[in-house]
Amino acid sequence: MEQTIAATAYKNYINGEWIESNEGRTFKQLNPARLNQVTGIWPAMSKAETSRAIEAAQQAFPKWRSLSVYNRAEYLKQALQNMIDRIEEIAEIITLENGKTLTESKTEIKSAIKEMEYQIHEGLRLCGQTLPSAREDIFCYSTYQPLGPVSIISPWNFPFNVPGRKITPALMAGNTVVFKPATLTPLTGYKFVELFVKAGLPAGVLNFVTGSGSSVGEVMVTDPRIKAISFTGSTQVGTGIHQKAAQALTRTQLEMGGKNPVVVLEDCDLEEAANATVTAAYACAGQWCTSTSRAIVVKPVAGEFIQLVKEKAEKIKVGDGMQPDTQMGPVCGTAQLKSILKYIEIGHDEGAELLTGGYQVKDGALADGCFIAPTIFAGVKPHMKIAREEIFGPVLSIIEVADFQEAVQVSNEVEYGLCSSVFTKNLEKAMQFIEQTEVGLTHVNLITALKEPQYTFGGIKNSGVGIPEAGKTGIEFFTEHKVAYIKFK
């Protein structure tokens, strides 16, 4: 399996054909668990070649939109069945490219299946309204219509689930798609597209391009033929996309960074709170956008909570995600490794107390990978960089506060607003927290990362822009409204 992947030069998919870059430029993707293993060689597409993909999507749009939604659903249902049939194969690809454990990769695919099932049926349920007119002899109603070619730009941390959450509603609504995966996880994107190719999706409806943001991404954002952009990634990149898209009045849906807090109050089940904190802080090596990066704890229980979290973090087995006993894999690539280690250094310099971890793991077979020990800083102050900036790695900052009011204040004192959680048995405080927490997704006595496909997913402040993805708004983003008035007498 690994040798086959390492030996392969892959192609892009444009207008129903697998093609190489005409200019012959390529880039390599490396296994973050073993940087000496090349998992694939990929076309670095030019701006002109990306424009060709957009042209293919534009040409395919009229015929695709004219199909009934039931006919479109048949293609997607077949792609979904292909996904179900290939869970084991795709999970290995995700682990090889991203580094997460096989268990985490399979969980991601299963989540993608649920997301896709939901959005297929949302497409079948998509309908407008009929409301009475104020005038006699007039019938009026509203309907939803597709936009045209759309750009989907997906992240490396959930390289399979996120494309499914975005591409499925786009296609079900009648749009055509140009899809760019993250350069760290192109093979996962390739495998996703392959499911649709094998389902017989018409040429040009779904196009797959790989390359840099400065060439491929630039065209996908600025080309006036693109009618909507759905992006998941960093706030910095998302802000740039939003600014450029505004020049052509292109709508955007941006799911961006987070600095997610868990608030721990004195009346909670501390064991439950510690388990949830450790799970959400170190799953996928802390690289969920919904990972817990701050634990805000009231002082009466801070000592006991800190000890519980430290003990649990130190029991996590770090290793290659392909090994069945691994609990936390590597971070995704050398750039990510350097960035996280730099933040750990900043935490030291700012005066935070390093309780555990804080170093690159280089033991034995791990020496060639991007492994970081689960890290905890205590004594963190709200003004510190490690308490305010997104680290996106296995680093937890613990902040002690006097009471519930200060906990809410500290949790909101960051630029991000993706998700949060509070642990308490006090219903009044739980409801106050839900009301006052400045996020798009919140929880009581649950991990910060929990989400289900029937509800929308998106942040506020610098964590999200536009109509949220998933749920009912997932497909609405890819549509425009039309209202008709009919005088029948």
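Fair warning: this is a prediction, and the values are worked out from it, not measured in the lab.

Novice: Let's hear about the overall build of the chain: which residues, and what values?
Specialist: Scanning the chain for helices and strands turns up 16 helices and 21 strands. Here the C-alpha atoms of the chain give a radius of gyration of 23 Å, agreeing with the 23 Å that 2.2 N^0.38 yields for 489 residues. Along the longest, intermediate and shortest principal axes, the C-alpha atoms of the chain span 75 × 65 × 40 Å. Expressed as a percentage of its 489 residues, the buried residues of the chain come to 58%. Taking contacts inside the chain between residues at least 6 apart in sequence as the whole, the part at least 24 apart equals 73%.

Novice: So, the packing of helix H14 (residues 404–412) against helix H15 (residues 427–436): which residues are in play, and what are the values?
Specialist: Following both chains from N to C, one finds H14 and H15 inclined at 25 degrees, their axes separated by 11 Å at the closest point. When the axes of H14 and H15 are compared, the pair comes out roughly parallel. Crossing handedness for the pair H14 and H15: right-handed. Contacts between H14 and H15 involve Phe404, Val408, Ser411 and Asn412 on the former and, on the latter, Lys429, Gln432, Phe433 and Gln436. Looking at the contact of H14 with H15, its residues break down into 3 nonpolar, 4 polar and 1 charged.

Novice: Break down the pairing of strand S11 (residues 260–264) for me, with residues and values.
Specialist: Within S11, 5 of the 5 residues are buried, which leaves it mostly tucked inside the rest of the structure. Of the two faces of S11, the one carrying Asn260, Val262 and Val264 and the one carrying Pro261 and Val263 are both buried. Here S11 runs beside strand S12 (residues 292–298); their pairing, made up of 5 bridges, is parallel. For Pro261, the partnering residue across the bridge sits in S12 and is Arg294. Following the backbone out of S11, through helix H10 (residues 270–282) and into the adjacent parallel S12, one traces a crossover that is right-handed. Strand direction decides the pairing type here: S11 and strand S17 (residues 419–423), joined by 3 bridges, are parallel. From the neighbouring strand, Val262 faces S17, where its bridge partner is Ser421.

Novice: A description of a nonpolar patch on the surface should follow, citing residues and the corresponding values.
Specialist: Taken together, Phe139, Tyr141, Ile486 and Phe488 make up a surface patch of nonpolar side chains, about 380 Å² in accessible area. Considering the arrangement of structural elements, one finds Phe139 in strand S5 (residues 138–146).

Novice: Residue-level account of the packing of helix H4 (residues 87–98) against helix H5 (residues 102–125), with values.
Specialist: Running from N to C, H4 and H5 cross one another at 120 degrees; their axes reach a closest spacing of 8 Å. Regarding the angle of H4 to H5, the classification is oblique. The element H4 and its partner H5 pack so that their crossing is right-handed. Contact residues: Ile87, Glu88, Ile90, Ala91, Glu92, Ile94 and Thr95 in H4; Leu102, Ser105, Lys106, Glu108, Ile109 and Ile113 in H5.

Novice: An account of H4 is requested, with residue identities and associated values reported.
Specialist: Taking 1.5 Å as the rise per residue, H4 with 12 residues should run 16 Å; its terminal C-alpha atoms sit 16 Å apart, in good agreement. Listed as buried for H4 are Ile87, Ile90, Ala91, Ile93, Ile94, Thr95, Leu96, Glu97 and Asn98.

Novice: Break down the sheet that holds S12 for me, citing the residues and quoting the values.
Specialist: Taken in spatial order, the 7 strands line up as S13-S14-S15-S12-S11-S17-S18 in an open sheet, and their pairing is mixed. Of all the strands in the sheet, the pair left with one neighbour each is strand S13 (353–356) and strand S18 (441–444). The sheet shows a mean angle of 20 degrees between the axes of neighbouring strands, taken without regard to direction. Here S17 pairs with S18 via 4 bridges, running parallel. Bridging from a neighbouring strand, Ser421 pairs with His443 of S18. Packed on one face of the sheet, helix H11 (residues 299–314) meets S11, S12, S13, strand S14 (375–378) and strand S15 (395–401) and runs near 145 degrees to S12. Its contacts with the sheet place helix H12 (residues 334–350) against S13, S14 and S15, and it is angled at close to 25 degrees to S14.

Parameters at a glance
Residues numbered from 1 in each chain as written. Predicted model: local features only at pLDDT ≥ 70, side-chain atom pairs only at ≥ 80, totals over all residues. Heavy atoms only, no water. Helix = DSSP H or I, 4+ residues; strand = E, 2+ residues; numbered from the N terminus. Rg over C-alpha atoms; globule rule 2.2 N^0.38 Å. Buried < 20%, exposed > 50% of the residue type's maximum accessible area, 1.4 Å probe, protein only. Contact = heavy atoms within 4.5 Å. Axes fitted to C-alpha atoms, helices over the stretch in contact; angles between N-to-C directions. Parallel < 35°, antiparallel > 145°, perpendicular 65-115°, else oblique. Left-handed = near helix turned anticlockwise from the far one by under 90°. Nonpolar A, V, L, I, M, F, W, Y, C, P; charged D, E, K, R; others polar. Pairing = 2+ DSSP bridges. Right-handed = clockwise from strand over helix to strand, strands pointing away. Patch = residues over 30% accessible without salt bridge, like charges linked within 9 Å, V, L, I, M, F, W, Y side chains within 5 Å. Areas by Shrake-Rupley, 256 points an atom, 1.4 Å probe, with all protein chains shown as cover. Salt bridge = Lys/Arg side-chain N within 4 Å of Asp/Glu carboxyl O. Expected span 1.5 Å × (residues − 1).

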